[in-house]
Amino acid sequence: MVSLAGKFRAVFLAVLLTVAASVCGAAHQASADTVAPSSASQIVADMGAGWNLGNQLEATTNGYPSETAWGQPVVTQALIDKVRAAGFKTIRIPVSYLGSIGPGPNYTINPSWLNRIQDVVNYAYNRGLHVMINMHGDGYKTINGSWLICDSPSQATIKDKYQKAWQQIANRFKNYDQRLILESMNEEFDGQYGNPTQPCYSNINSYNQIFVDTVRKTGGNNSSRWLLVPGWNTNIDYTAGNYGFTLPSDQYRSPSIPANERRIMISVHHYSPWDFAGEESGTITQWGRAATNPSRTSTWGQEDYLDSQLKKMYDAFVTKGYPVIVGEYGAIDKSSFDSSNNRYRADFARAVVATSKKYGAATVYWDNGTTERYGFGLFNRRSLTVTQQGVINAIMSGVRA
């Protein structure tokens, strides 16, 4: 969620990380999937508690992806092992491509960048975790080099570039088993916070369809892989409501998948109420039924709202066999304004996870690596220490609910 300032407080460095291709990482080819793909309910259960490797592979400088550009250290196996040891079973790896995509007509992705993406995927995948990768910052107008712009007049060029980029990504990962989930894009919209507009929403639907068709046609395990698609800005109301979202068809998937089963998931994010979860202010620091100070508690977005939001997704998609993934959620650290804030952050996390589970959805906590004021971080990525054990405990409690 790069477009919202509350998502990160990183220091931008004017250094482009040049990543050498890792021989073992680049050469890695996962063994063919010999296990039957999971059903909708099983994949959600298997994903368990999820965690975002935020502000790393989607970080950028001067129009190019650079994993240290936003103040974080290079991702290591030790970090992923720490996250796994804390109880997380799924890791979402946001990825930006931007200037690493060459010119048309081939739009070739820089091999060293694909190799680095694969290295980081392997850190998690080879430990038995579920892994999600996407196309993250390429659709943000505020990011230098962005191009996946739904209200641009250059849609033919955009769609051609998008198709060829995903073809390369899908081919790179087609032999990975069903623990790898591909996500078409992230928070795609016109940049205006209001009701969806046309033809922008229709273009988002087209991107999702291109993504599904392209990935499926690469074959291998991609023919039956779970694929994740968002609606307008991953907004629950604008995805579940009558605002223009259409589910992509899946005509090229493996015939081995029973006709009554799906292999498409729906992505949404939840940061409501924003004045508690993301607004960089010390005014609203408490949340939920245990809040003790009404002046520090938002007038909306409490447990009843959360329940109604997840029920909308359940009614619109889960009941029809499409799993829902709350791919980002969390609340920033305001403990410098209110010493009890972390308790309410934990209450919020537990409620999102438990309510999502109630309605058949999986959850992935947003961690931007920042552990001081206004950060979402649960781990210090330099010292490899847990910084918010209370929030982690709450997440695990929610999964067990």
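Residues numbered from 1 in each chain as written. Predicted model: local features only at pLDDT ≥ 70, side-chain atom pairs only at ≥ 80, totals over all residues. Heavy atoms only, no water.

Peer 1: Help me get a handle on the nonpolar core, residues and values and all.
Peer 2: If you look at the biggest cluster of nonpolar residues, it comprises 97 residues, and the most contacted ones within it are Trp51, Phe88, Ile93, Val121, Tyr162 and Ile395. Those residues within four positions of Phe88 in sequence are excluded, and the remaining contacts are Ala49, Gly50, Trp51, Val83, Leu129, Leu378, Phe379, Ile392, Ile395 and Met396. Counting 11 residues, the second-largest nonpolar core is a separate cluster that includes Val44, Met132, Met265 and Ile325. (Core = buried A, V, L, I, M, F, W, Y, C linked by side-chain atoms within 4.5 Å. Buried < 20%, exposed > 50% of the residue type's maximum accessible area, 1.4 Å probe, protein only. Contact = heavy atoms within 4.5 Å.)

Peer 1: Hey, could you go over the side chain of Ser223 for me, with residue numbers and the actual values?
Peer 2: With respect to the secondary-structure elements, Ser223 resides in the loop between helix 6 (200–217) and strand 7 (227–230). From its side chain, Ser223 meets the backbone oxygen of Gly220 in a polar contact 3.0 Å long. When sequence neighbours within four positions are dropped, the list of residues in contact with Ser223 reads Arg216, Arg253 and Ser254. (Helix = DSSP H or I, 4+ residues; strand = E, 2+ residues; numbered from the N terminus. Polar contact = N/O pair within 3.5 Å; in protein donor to acceptor, adjacent residues only side chain to side chain.)

Peer 1: Go over the UniProt feature "domain: Glycoside hydrolase family" (unreviewed entry) in the protein chain, please, and point to the residues and values.
Peer 2: The feature "domain: Glycoside hydrolase family" (unreviewed entry), as given by UniProt, occupies residues 62–370 in the numbering adopted here. Helix makes up 33% of residues 62–370 and strand makes up 12%, while its end C-alpha atoms are separated by 22 Å. (UniProt positions renumbered as here; feature names shortened; annotations may be inferred.)

Peer 1: Describe in detail the pairing of strand 1 (residues 49–52), supporting the description with residues and values.
Peer 2: Side chains on a regular strand alternate between the two faces of the sheet. Residues Ala49 and Trp51 point to one face of strand 1 and Gly50 and Asn52 to the other, with burial holding for every one of them. Taken together, the 3 bridges between strand 1 and strand 10 (residues 361–365) define a ladder with parallel strand orientation. From the neighbouring strand, Gly50 faces strand 10, where its bridge partner is Val364. (Pairing = 2+ DSSP bridges.)

Peer 1: Which residues make up the packing of helix 9 (residues 303–316) against helix 10 (residues 341–358), and what values do they have?
Peer 2: Relative orientation of the contacting elements helix 9 and helix 10 amounts to 35 degrees, with a least axis distance of 9 Å. Judged by the sense of rotation from one axis to the other, the crossing of helix 9 with helix 10 is right-handed. Residues Leu306, Asp307 and Leu310 of helix 9 touch helix 10, and the partners they reach there are Ala351, Val352, Thr355, Ser356 and Lys358. Within the contact of helix 9 with helix 10, the residues separate by chemical class into 4 nonpolar, 2 polar and 2 charged. (Axes fitted to C-alpha atoms, helices over the stretch in contact; angles between N-to-C directions. Left-handed = near helix turned anticlockwise from the far one by under 90°. Nonpolar A, V, L, I, M, F, W, Y, C, P; charged D, E, K, R; others polar.)

Peer 1: Lay out the packing of helix 5 (residues 155–173) against helix 6 with the relevant residues and their values.
Peer 2: Interaxial distance between helix 5 and helix 6 falls to 9 Å at its minimum, and their mutual angle equals 30 degrees. In this structure, helix 5 meets helix 6 at a crossing whose hand is right-handed. Contacts between helix 5 and helix 6 involve Gln155, Ile158, Lys159, Tyr162, Gln163, Trp166, Gln167 and Ala170 from the former and Asn203, Ser206, Tyr207, Ile210, Phe211, Thr214 and Val215 from the latter. Its residues assigned to classes, the contact of helix 5 with helix 6 comprises 8 nonpolar, 6 polar and 1 charged.

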